[in-house]
Amino acid sequence: MNIPEKIERFIASHLAGALYTSATPDQRRAALTMAEHDVLCHTGNAVDKESELFAAAVGEQAIYLLLNCNRLMTPAREIVSETVEGAGSVTYASGEFRGFFSPRALELCNALKTGKIALQRG
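Residues numbered from 1 in each chain as written. Predicted model: local features only at pLDDT ≥ 70, side-chain atom pairs only at ≥ 80, totals over all residues. Heavy atoms only, no water.

**Student:** Run through the state of the cysteines, naming residues and quoting values.
**Tutor:** The tally for this structure, following the rule as stated, stands at zero disulfides. With no disulfide of its own, cysteine 41 lies closest to cysteine 109 among cysteine sulfurs, the gap being 9.7 Å. (Disulfide = S-S within 2.5 Å.)

**Student:** With reference to specific residues and values, describe helix H4 (residues 52-67).
**Tutor:** Side chains that are three or four residues apart share a direction in an α-helix, a result of its 3.6 residues per turn. When the terminal C-alpha atoms of H4 are compared, their 22 Å separation across 16 residues agrees well with the 22 Å that a helix rising 1.5 Å per residue should span. Within H4, 13 of the 16 residues are buried, leaving the element largely enclosed by the surrounding structure. (Helix = DSSP H or I, 4+ residues; strand = E, 2+ residues; numbered from the N terminus. Expected span 1.5 Å × (residues − 1). Buried < 20%, exposed > 50% of the residue type's maximum accessible area, 1.4 Å probe, protein only.)

**Student:** Give me the packing of aromatic side chains: which residues, what numbers.
**Tutor:** Within this structure, the stated rule accounts for zero aromatic pairs. Residue placement shows arginine 28 over the ring face of tyrosine 20; its charged tip is 6.0 Å from the ring centre. (Phe/Tyr/Trp six-rings, centres within 6.5 Å; stacked < 30°, edge-to-face > 60°. Lys NZ or Arg CZ within 6 Å of the ring centre and 35° of its normal.)

**Student:** So, the pattern of salt bridges: which residues are in play, and what are the values?
**Tutor:** In total, this model carries three salt bridges according to the counting rule given. One salt bridge in this structure joins glutamate 52 and arginine 9, with 2.9 Å as the shortest N-O distance. You can see glutamate 52 sitting in helix H4 and its partner arginine 9 sitting in helix H1 (residues 3-12), a full 43 residues away along the chain. Taking the shortest distance from any N to any O, the salt bridge between arginine 104 and glutamate 60 comes out at 3.3 Å. With arginine 104 in helix H6 (residues 103-114) and glutamate 60 in helix H4, this pair connects stretches of sequence that are 44 residues apart. On the accessibility criterion, glutamate 60 (5% relative accessible area) is buried. (Salt bridge = Lys/Arg side-chain N within 4 Å of Asp/Glu carboxyl O.)

**Student:** How would you sum up the packing of H4 against H6? Please name residues and give values.
**Tutor:** Between H4 and H6, the shortest axis-to-axis distance is 8 Å and the interhelical angle comes to 160°. Here H4 lies roughly antiparallel to H6, going by the angle between them. The two elements H4 and H6 cross, and the hand of that crossing is left-handed. Contacts from Leu53, Phe54, Ala56, Ala57, Glu60, Gln61 and Tyr64 in H4 reach Pro103, Arg104, Ala105, Leu108, Cys109, Ala111 and Leu112 in H6. Broken down by class, the residue content of the contact of H4 with H6 amounts to 11 nonpolar, one polar and two charged. (Axes fitted to C-alpha atoms, helices over the stretch in contact; angles between N-to-C directions. Parallel < 35°, antiparallel > 145°, perpendicular 65-115°, else oblique. Left-handed = near helix turned anticlockwise from the far one by under 90°. Contact = heavy atoms within 4.5 Å. Nonpolar A, V, L, I, M, F, W, Y, C, P; charged D, E, K, R; others polar.)

**Student:** Describe the nonpolar core, naming the residues involved and giving the relevant values.
**Tutor:** If you look at the biggest cluster of nonpolar residues, it comprises 25 residues, and the most contacted ones within it are Leu32, Val39, Phe54 and Val58. Breaking this core down by element, the ones donating at least two residues are H1, helix H3 (25-43), H4 and H6. The residues touching valine 58, leaving out its near neighbours within four places in the chain, are Ile7, Leu32, Ala35, Glu36 and Val39. (Core = buried A, V, L, I, M, F, W, Y, C linked by side-chain atoms within 4.5 Å.)

Nothing here speaks to function; it is geometry throughout.
Next up, the structure:
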């Protein structure tokens, strides 16, 4: 089994896998390309690209990129404000963009580098 098949198998079993499969072929290809580059930036080129962990890290990052595609284009915080006449105005940050890398993919990258998996399930 080659690495694209391993990634596809990981994505097929992922909770958000339907998001990936519903994306256009161009979006899927771009997400996988970006995800592989992102993972290699965290692990280095010497990582075992045939491993299940590598496939999982790339798959996880690809899904994260698709989930956050709109925020990647404009990585600013989303701002909501309201004004009440006579009382003033208030501005809230409705959510903070946490970065360009999936926390789960980052843990998988760390496992690739150290050989220890730190992901915990409750």
